[in-house]
Amino acid sequence: MKNKSILIFGAGKIGRSFIGQVFGLSGYEVIFSDVNLETVNLLNERKSYPVVIKGEQEKILEIPNVRAVSGLDKQQLIREISEAGILAVSVGKNAFEKVIPVIAEGLIMRHKEHPTLPMDIIIAENMRSASDFIRAKLQETLPGDYPLDSMVGLVETSIGKMVPIMTHDDLKKDPLVVFAEPYNNLIVDKKAFRGEIPNLKDLSPKENIKAWVDRKLFIHNLGHAVTAYFGSFNHPEATYIYEVLDDPQVYGLAKDAMLQSANILQAVYPNDFSMEDLTLHIEDLLSRFRNKALKDTIFRVGQDLFRKLGPDDRFLGIIRLAEKMQLPYDKILKAMTYAFYFDAKDEDGNRFANDIIFEDCLSKGMEFTLNEEISNIDLEGQGQLTSQVSKKITFTRTLCPS
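About the cut-offs
- Residues numbered from 1 in each chain as written.
- Predicted model: local features only at pLDDT ≥ 70, side-chain atom pairs only at ≥ 80, totals over all residues.
- Heavy atoms only, no water.
- Helix = DSSP H or I, 4+ residues; strand = E, 2+ residues; numbered from the N terminus.
- Contact = heavy atoms within 4.5 Å.
- Areas by Shrake-Rupley, 256 points an atom, 1.4 Å probe, with all protein chains shown as cover.
- Phe/Tyr/Trp six-rings, centres within 6.5 Å; stacked < 30°, edge-to-face > 60°.
- Buried < 20%, exposed > 50% of the residue type's maximum accessible area, 1.4 Å probe, protein only.
- Salt bridge = Lys/Arg side-chain N within 4 Å of Asp/Glu carboxyl O.
- Pairing = 2+ DSSP bridges.
- Axes fitted to C-alpha atoms, helices over the stretch in contact; angles between N-to-C directions.

## Topic: the overall build of the chain
Point 1. What the chain contains, in helices and strands, is 18 helices and 11 strands.
Point 2. Dimensions of the chain, computed from the C-alpha atoms along their principal axes, are close to 60 × 50 × 45 Å.
Point 3. Partitioning the intrachain contacts of the chain with sequence separation of at least 6 by distance along the chain shows that 73% fall at a separation of at least 24.
Point 4. Only carbon and sulfur atoms are counted for the fraction: they give 48% of the accessible area of the chain, which is about 17,800 Å².

## Considerations on the packing of aromatic side chains
Point 1. Within this structure, the stated rule accounts for 13 aromatic pairs.
Point 2. A ring pair is formed by F230 and Y338, whose centres lie 4.5 Å apart and whose planes are at 50 degrees; its orientation type is tilted. With F230 in helix α8 (residues 209-234) and Y338 in the loop between α15 (330-337) and α16 (353-362), this residue pair connects regions lying 108 residues apart in the sequence.
Point 3. Here Y338 falls in the buried class, since its relative accessible area comes to 15%.

## Thoughts on the side chain of Q21
Point 1. Mapped onto the fold, Q21 is located in helix α1 (residues 13-24).
Point 2. Ignoring sequence-local partners within four residues, the contact set of Q21 consists of R16, Y49, V51, I53, L61, I63, K161 and N184.

## Some details on the pattern of salt bridges
Point 1. Tallying each qualifying case throughout the model produces 22 salt bridges.
Point 2. With a closest N to O distance of 2.9 Å, D174 and R46 form a salt bridge. Here D174 is found in the loop between α7 (168-173) and β9 (178-180), whereas its partner R46 is found in helix α2 (residues 37-46), with 128 residues between them in sequence.
Point 3. Residue D174 is classed as buried on the basis of its relative accessible area, which comes to 15%.
Point 4. Counted as one network, the salt bridges with shared partners bring together E29, R67 and E80.

## Some details on the pairing of strand β2 (residues 29-34)
Point 1. Across the 6 residues of β2, 6 count as buried, placing the element largely inside the fold.
Point 2. The side-chain alternation of β2 yields two buried faces, one formed by E29, I31 and S33 and the other by V30, F32 and D34.
Point 3. Alignment of β2 against strand β5 (residues 66-70), held across 5 bridges, turns out to be parallel. The partner of I31 across the bridge, within β5, is R67.

## A closer look at α1
Point 1. Among the 12 residues in α1, 11 count as buried, and that is most of the element.
Point 2. For α1, the full list of buried residues reads I14, G15, R16, S17, F18, I19, G20, Q21, V22, F23 and G24.

## Quick word on the sheet that holds strand β3 (residues 49-53)
Point 1. The sheet built from 3 strands is open, its strands ordered β4-β3-β9 with mixed pairing. Each edge of the open sheet carries a strand with a single partner, namely β4 (59-63) and β9. The average angle at which neighbouring strand axes cross in this sheet is 30 degrees, direction not considered.
Point 2. As defined by bridge partners, β3 adjoins β9 across 3 bridges and the pair is classed as parallel. From the neighbouring strand, V51 faces β9, where its bridge partner is V178.
Point 3. Relative to the sheet, α1 contacts β3, β4 and β9, its axis offset from that of β3 by approximately 100 degrees.

Printed below as a string of structure tokens:
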């Protein structure tokens with residue numbers, strides 16, 4: 001067994017700049033699994049990679065003791081899972097279907113060879129109820145007599161670190177380099193661990209992870225999205241998040257929506273947050289959003305409208321909680337409407353592919369888009385939101401027949 005080793009599925013931005021950094025700088029061997037063979041080969045060749053911290057003073061951290069395994073090498077991955085000290089998954093919800101089967105086989109081998117040794121899996125994804133989702137997927141794959149609940153810890157996280165898109169020029173200089181902000185606090189579910197909780201400087205175990213996941217989604221992600229959508233609406237020529245926050249109107253709406261969301265969260269989780277704590281958190285976030293060195297783009301923050309306008313995501317998720325608590329959400333709703341105008345492009349002048357499909361849906365009308373394609377509002381018994389959104393926005397696009 002390699003007790004001080006972590007196998008990370010996904011050598012992307014969060015995997016390298018956050019999970020790999022937290023564990024690698026604490027003396028762990030860091031093993032990545034990825035389907036990008038160029039990345040795998042470079043990691044094996046160099047045995048390390050740089051994280052450039054973009055703050056008032058730029059700092060380069062070299063993450064040591066690194067190697068990688070091809071995500072296509074099933075047998076090697078099964079062996080790595082059976083021997084690793086801990087696992088992490090940072091592949092995105094849509095890729096879980098591909099990694100769950102090999103994780104299940106590795107867990108089976110591990111249980112045969114080390115029947116009393118549990119495995120903890122850090123779920124490094126911004127998802128609500130992520131552990132429930134993965135547990136269900138594992139139950140579909142593992143044998144019926146496998147002791148999943150006692151031997152596998154499904155550790156949810158609150159991923160609050162901002163990692164911008166790398167430009168082509170940056171990647172040409174070094175394909176392994178990743179930029180990130182100075183923030184490096186990995187919040188994890190204390191109760192979910194089945195083995196010993198790693199004693200790491202940047203690991204913050206919390207008793208009620210649901211509250212912290214919701215804080216990330218409904219304050220951080222919400223405020224970021226408002227900045228991107230209203231900022232792009234007011235300043236279509238702008239590229240970076242920090243640029244549009246110089247506009248008092250954009251800053252004001254983002255802050256107002258975040259504070260309104262904080263008021264709702266404080267009512268839902270009175271034992272976890274005070275309004276003073278949440279207000280200070282919002283001030284800190286807005287300061288971090290204005291980090292010019294990070295060069296976080298409006299495109300990155302706002303893209304993927306289907307997901308970000310989904311029924312449990314940053315806007316409609318908190319609106320549902322507001323209705324449950326009978327609290328106002330008018331500022332959140334106003335901010336949400338600007339998403340329907342969002343058409344930012346990447347450095348090559350391209351829009352996010354699914355956002356083009358989103359616009360095609362809008363050609364069939366707001367009501368169709370909200371009810372049928374995005375949020376299933378009516379199916380949730382909240383059809384009144386459709387009319388509220390429609391009243392809040394002057395829809396200027398030409399509507400085609402449905």
